[in-house]
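Notes for the structure review
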Amino acid sequence: MQSSEVPRVVVGVDGSPSSYAALRWADRYARGVGGAVEAVCVWDTPSSRGWSGPAIDPEFDLGQARERFAQELHAVFPDGPPAGLTEHLVEGDPSEVLIRASEGAALLVVGRRGRGGFARAVLGSVSQRCAQHAACPVVVVRQEDDPAR
């Protein structure tokens, strides 16, 4: 990264309380260093992975994913997204997408546990894979005590 470039802070958003906390943390950090936040939401169509079940229309799933992502951003920023926030909605495996997004970033921020995983897990599988394989430093944020913050 050249000195004239704005630091990119990539953050994974999956609708979980810990991802909301990660998005808030990334926004505060980026403002402090003069950086820009890239919110990345990853969606997946079960039929694209070969799971058994009824055929699913990918366009329908994409529409649902867009709507859910917009709702998630509104939940964190009810007065509108901060200036400079960019949104990326990507189909695929969350850890693979976030690891790719970390290339050239100053920082990758993820929640400690997202929508999946076992209650006994300290780190979720996505945050653990990102911490091991990202191309930049990774911050793992735990859920805030007050989700409304």
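Above: the structure in question.
Residues numbered from 1 in each chain as written. Predicted model: local features only at pLDDT ≥ 70, side-chain atom pairs only at ≥ 80, totals over all residues. Heavy atoms only, no water.

Thoughts on the overall build of the protein
- Check the secondary structure of the protein and you find four helices and five strands.
- Reading the helices (α) and strands (β) of the protein from amino to carboxyl end gives β-α-β-α-β-α-β-α-β.
- Here the protein, with 149 residues, has 36% of them falling under the buried criterion.
- Taking all contacts inside the protein whose residues are at least 6 apart in sequence as the whole, residues at least 24 apart take part in 76%.
- Surface summary for the protein: the accessible area is close to 8600 Å², and the carbon and sulfur share equals 51%. (Helix = DSSP H or I, 4+ residues; strand = E, 2+ residues; numbered from the N terminus. Buried < 20%, exposed > 50% of the residue type's maximum accessible area, 1.4 Å probe, protein only. Contact = heavy atoms within 4.5 Å. Areas by Shrake-Rupley, 256 points an atom, 1.4 Å probe, with all protein chains shown as cover.)

Observations regarding the pairing of strand S2 (residues 36–43)
- Counting buried positions along S2 gives seven out of eight residues, so the element sits mostly inside the fold.
- In this structure, strand S1 (residues 8–12) lies alongside S2, joined through five bridges in parallel fashion. Directly across from Gly12, in S2, lies its bridge partner Val40.
- Chirality of the crossover, the property in question, places the unit of S1, helix H1 (residues 17–33) and S2 among those that are right-handed. (Pairing = 2+ DSSP bridges. Right-handed = clockwise from strand over helix to strand, strands pointing away.)

Topic: the pairing of strand S4 (residues 107–111)
- S4 sits mainly inside the fold: five of its five residues count as buried.
- Burial of the side chains of S4 extends over both faces: Leu107, Val109 and Gly111 are buried on one face and Leu108 and Val110 on the other.
- The sheet contact formed by S1 and S4 spans three bridges and is parallel. When the bridges of S4 are listed, Val9 appears paired with Leu107.

Considerations on the packing of aromatic side chains
- With the rule as written, the count across this model stands at one aromatic pair.
- Consider the rings of Trp25 and Tyr29, whose centres lie 5.3 Å apart with planes at 5°: the pair is stacked. On the criterion of helical spacing, the pair formed by Trp25 and Tyr29 is a turn pair, its members being four residues apart in helix H1. (Phe/Tyr/Trp six-rings, centres within 6.5 Å; stacked < 30°, edge-to-face > 60°.)

A short note on the sheet that holds S2
- Strand order in this open sheet of five strands is S3-S2-S1-S4-S5, and the pairing throughout is parallel. One side of each edge strand has no neighbouring strand; the edge strands of this open sheet are strand S3 (86–91) and strand S5 (138–141). Within this sheet the neighbouring strands show an average axis-to-axis angle of 25°, counted without direction.
- Of the pairings in the sheet, the one linking S2 to S3 comprises six bridges and is parallel in character. Each bridged residue has a counterpart across the sheet, and for Val42 the counterpart in S3 is Val90.
- Sheet contacts for helix H3 (residues 94–101): S1, S2, S3 and S4; angle to S2, the most-contacted strand, approximately 155°.
- Strand contacts of helix H4 (residues 125–133): S4 and S5, with the helix running at about 160° to S4, the strand carrying the most contacts. (Axes fitted to C-alpha atoms, helices over the stretch in contact; angles between N-to-C directions.)

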